[in-house]
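Here is what each chain is made of, one letter per residue.
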Amino acid sequence: MQQKRQQKSPSAARIAAASAASALVLAAGAPAATGQDSRSSTVGGERLGRSDVQVAPLAGAPALPGGLTGRSWLVADAGTGEVLAARNAHLPMPPASTLKMLFADTVMAKFDRSLQHQVTPAELADLGVGSSLVGVKENLPYRVEDLWRGVFLSSGNDAVHVLAHMNGGVPQTVTEMQARARSLQAMDTKVASPDGYDMDGQVSSAYDLTLFARAGLRNADFRSYCSTRTARFPGGLDKATGQRTTFDIANTDRLLGKYPGLIGVKNGYTTNAGATFTGAAERDGRTLLVTVMHPEAQGKVYDEAASLLDWGFAAAGKVQPVGQLAEDLAPQATAGATGGAAGSPSGGAPGAAGDGGAELPPWSRTPVLHGNPVLAPALWSGAVLATGLAVWGAARTVRRRRNPAGSSASSASSASAVTTAPWLVGGPTGVGTMGIGSSGVGRRSHRRLSRRARALLRRRPRRG
């Protein structure tokens, strides 16, 4: 008997076999996440594994900017993913605070921006010496959106650590960031801290940082925070009034508000990393991404990034791609974070979602494959209710025509149904009473037809 229960029916066996076959097909067709073990397996293309400058100009192409000193750099089209030019794109180097892009892409969607969190002393206890700080105070509440502004504008490691503890702790967050890097096919990245602080073995590359920026900009909140120029940040308690104070913070990205069309994204600097910068800019409906790592002087990172953006916009259609940005292997349910786009209090870049109302650019929107998950149940419920009412009304009409004498009883029954279940048809003063109740159109129509029939009989001529 037990053996019979364990046996599958023929239909169940066929379904299981079909599912297994489909899984094999999907697994075979899915892109593999390859590492940088050899030049032939370089993510994005073989040319991106080379150390010298890679560019493939066509006729009329502008020359690359002169005087580029970055040890590693890359410029790519965000929409197509085509890498237009690069140097040492996969060279592993300390990323500094540009690694915060990966932190944000990993954690941001987990917490509603309006959520308030009481900061504990333990959450601020393990900050690295010399860390950049926004000024988070222990034993005070902060909204999530304020913490994210502290991350992006002031590159605050204190805000990063608070959010990491909210996410289950720094070790868990580091593990999740590493997994997220793998799903983005960022194989050069080794995560040791969530904030990018110099730690042994922590590296990334110009290619990987560009992937992080491209993925992050698909999130409306991420796009809003990185494009915010200035904001008010919560301070401590005023001893005289007992009220919470605030102070101004400004984005440390020197190109934001100065380079035309710049969206963001993140800058960084540490002793080991030198200066690092990943930026995105939009012009004439085209968005470019640029990353520059470790130029000769700290301030030159912005100049070299701007010159590469200028070249990229001028080179549209005049160069062949030398590589490709890898696609995200993780399924994406929505393009925006929980709670919608976070409005910036001032100074959002053009095209950003800083006012909470702008939508994402077409290249960064996630396709909706299965319709609107919120409206679908309501639409189905409405359709079922409408169908039920239509069938009930048709059946009632047929009964009236077959048994006119019983129409009064039928109407009374209908009125009773409306009284006992007003939610079904709109209530005593709604559609139900006027359309199908005891004083409804059906009874009046029956009386008019009776009167008209009697009048025709009286007018009919009599024959002898």
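Definitions and limits used
- For every chain, the first residue of its written sequence is number 1, and the numbers climb from 1 along that sequence.
- Where totals are concerned, whole chains, interfaces and linings use all residues; where local detail is concerned, this predicted model gives features only for residues with pLDDT of at least 70, and gives and counts side-chain atom pairs only at 80 or more.
- With hydrogens and water stripped out, all remaining heavy atoms of the structure feed into the side-chain values.
- Cavities and pockets were defined on a 1 Å grid built from protein atoms only: a cavity is a group of points that admits a 1.4 Å probe but offers it no way out, a pocket is an open group of points flanked by protein on both sides within 12 Å along at least five of seven lines, and a lining residue is one with an atom within 4 Å of any such point.
- Grid points are joined across faces, edges and corners, and a volume is the space filled by probe spheres set on the points.
- Amino acid classes used here: Ala, Val, Leu, Ile, Met, Phe, Trp, Tyr, Cys and Pro are nonpolar; Asp, Glu, Lys and Arg are charged; the rest, including Gly, are polar.
- Runs of E in the DSSP output that reach at least two residues are strands. Runs of H or I that reach at least four are helices, and both are numbered from the N terminus.
- When accessible area is computed with a 1.4 Å probe and restricted to protein chains, residues below 20% of their type maximum are described as buried, those above 50% as exposed, and intermediate ones as partly exposed.
- Identification of polar contacts relies on pairs of N or O atoms within 3.5 Å, with a donor-acceptor requirement for protein atoms, meaning one able to donate a hydrogen and the other able to accept it, and with residues adjacent in sequence counted only if both atoms are side-chain atoms.
- Any two residues whose heavy atoms approach within 4.5 Å at even a single point are treated as in contact.
- We call a set of buried residues a nonpolar core when its members are Ala, Val, Leu, Ile, Met, Phe, Trp, Tyr or Cys and they connect through side-chain atoms within 4.5 Å of each other.
- Pairs were defined over the aromatic rings of Phe, Tyr and Trp, the Trp ring being its six-membered one, requiring ring centres within 6.5 Å. Orientation was assigned from the angle between planes: stacked under 30 degrees, edge-to-face over 60, tilted for the rest.
- In this description, strands pair whenever DSSP reports at least two bridges between them.
- One speaks of a salt bridge when a side-chain nitrogen belonging to Lys or Arg is within 4 Å of a carboxyl oxygen belonging to Asp or Glu.
- Convention adopted: a line fitted to C-alpha atoms gives each axis, helices being fitted over their contacting stretch, and angles between N-to-C directions are expressed from 0 to 180 degrees.
- An angle below 35 degrees is read as roughly parallel, one above 145 as roughly antiparallel, one from 65 to 115 as roughly perpendicular, and any other as oblique.
- The hand of a helix crossing depends on one turn: near helix anticlockwise from the far one by less than a right angle means left-handed, and clockwise means right-handed.
- One less than the residue count of a helix, multiplied by 1.5 Å, gives the span that helix is expected to have.

(A) Structural view of empty space enclosed by the protein. In the structure shown here, the tally under the stated rule is one cavity of 30 Å³ or more. Taken as a whole, the largest cavity holds about 50 Å³ of empty space. Class assignment of the residues belonging to the lining of the largest cavity gives a composition of four nonpolar, no polar and four charged.

(B) The arrangement of the side chain of Q202 in detail. In this fold, Q202 is placed in the loop between α6 (170–183) and α7 (206–216). Here Q202 falls in the buried class, since its relative accessible area comes to 4%. A polar contact of 3.0 Å, which involves the side chain of Q202, links it to the backbone oxygen of Y197. When sequence neighbours within four positions are dropped, the list of residues in contact with Q202 reads M93, P94, P95, L99, K190, V191, A192, S193, G196 and Y197.

(C) Fine view of unusual backbone geometry. Of the consecutive residues G264 and V265, the connecting peptide bond is found in the cis state with omega at 25 degrees. Counting through the fold element by element, V265 comes out in strand β8 (residues 262–270). Of note, D284 is a non-glycine position whose phi angle comes to about 55 degrees, a positive value. When you line up the elements, D284 lands in the loop between β9 (274–283) and β10 (286–293). A positive phi is found at H294, a non-glycine position, where the angle reads about 55 degrees. Turning to its location among the elements, H294 is positioned in the loop between β10 and α9 (300–314).

(D) Spatial organisation of the nonpolar core. Core analysis: the biggest nonpolar cluster contains 65 residues, and V136, W148, F152, Y207, F212 and F222 have the highest contact counts within it. In terms of residues, this core owes the most to one element, α7, which gives seven residues. Discounting residues that sit within four places of it in the chain, F212 has contacts with L99, M101, L102, A181, L184, A186, T189 and S204. Counting 24 residues, the second largest nonpolar core, distinct from the first, contains W73, L84, A85 and L256.

(E) Focus on the packing of aromatic side chains. All told, the structure shown has seven aromatic pairs when counted by the stated rule. Aromatic side chains F103 and W148 sit 5.4 Å apart centroid to centroid with 45 degrees between the ring planes, which places their arrangement in the tilted category. Within this pair, whereas F103 is found in helix α3 (residues 100–107), its partner W148 is found in helix α4 (residues 144–153), the two being separated by 45 residues in sequence. Here F103 matches W148 in class, with each residue buried.

(F) Local environment of α3. Of all the eight residues making up α3, eight are buried; the element is thus mostly covered by neighbouring parts of the structure. Restricting attention to buried positions, one finds in α3 the residues K100, M101, L102, F103, A104, D105, T106 and V107.

(G) Structural detail: the pairing of β8. Of all nine residues in β8, eight are buried; the element is thus mostly enclosed. Pairing of β8 with β9, which is carried by eight bridges, proceeds in the antiparallel orientation. Looking at the pairing, G264 lines up with A280 of β9. Linking two consecutive strands that pair antiparallel, namely β8 and β9, is a turn of three residues.

(H) Just the pattern of salt bridges, in detail. Throughout the structure, instances matching the rule amount to 14 salt bridges. E46 is the partner of R50 in a salt bridge, and the nearest nitrogen-oxygen pair spans 2.9 Å. According to the relative accessible area criterion, R50 is partly exposed, its value standing at 29%. One salt-bridge network, in which partners are shared between bridges, spans R143, E145, D146 and R149.

(I) Fine view of the packing of α3 against α6. In the contact formed by α3 and α6, the axes pass within 9 Å of each other and the chain directions differ by 95 degrees. As far as their axial angle goes, α6 and α3 are roughly perpendicular. Across the interface between the two elements, L102, F103, D105, T106 and V107 of α3 pack against T173, E176, M177, R180 and A181 of α6.

(J) Expanded view of the packing of α4 against helix α8 (residues 220–227). Between α4 and α8, the least distance of the axes is 8 Å, while the angle of their chain directions is 55 degrees. As the angle between them shows, α4 and α8 are arranged oblique. Of the two possible hands of crossing, α4 and α8 adopt the one that is right-handed. On α8, the residues that touch E145, W148, R149, F152 and L153 of α4 are F222, Y225 and C226. For the contact of α4 with α8, the class distribution of residues is six nonpolar, no polar and two charged.

(K) Spotlight on α9. Compared with an ideal rise of 1.5 Å per residue, which puts 15 residues at 21 Å, α9 spans 21 Å between its outermost C-alpha atoms and is within 8% of the ideal. Residues V301, Y302, E304, A305, A306, L308, L309, W311, G312 and F313 constitute the buried set of α9.

(L) Region of the structure containing the pairing of strand β6 (residues 230–237). Sheet topology note: the β6/strand β7 (residues 244–250) ladder contains six bridges and is antiparallel. Across the sheet, F233 pairs through a bridge with F247, a residue of β7. Where β6 folds back on β7, the antiparallel hairpin that results is connected by six residues, among which G242 adopts a positive phi of roughly 75 degrees.

(M) Fine view of the side chain of R180. Mapped onto the elements of the fold, R180 is located in helix α6. For R180, a relative accessible area of 16% corresponds to the buried category. Among the polar contacts listed, one links the side chain of R180 to the side chain of D328, at a separation of 2.8 Å. Residues within four places of R180 in sequence aside, it is in contact with L102, D105, T106, A215, D328 and A330.

(N) Examining the environment of S183 more closely. Looking at where S183 falls in the secondary structure, it is placed in helix α6. Taking the C-alpha atoms as reference points, S183 and E327, separated by 144 residues in sequence, lie 8.8 Å from one another. Once residues within four sequence positions are removed from consideration, S183 is found in contact with E327, D328, L329 and A330. Side-chain polar atoms of S183 contact the side chain of R180, separated by 2.8 Å.

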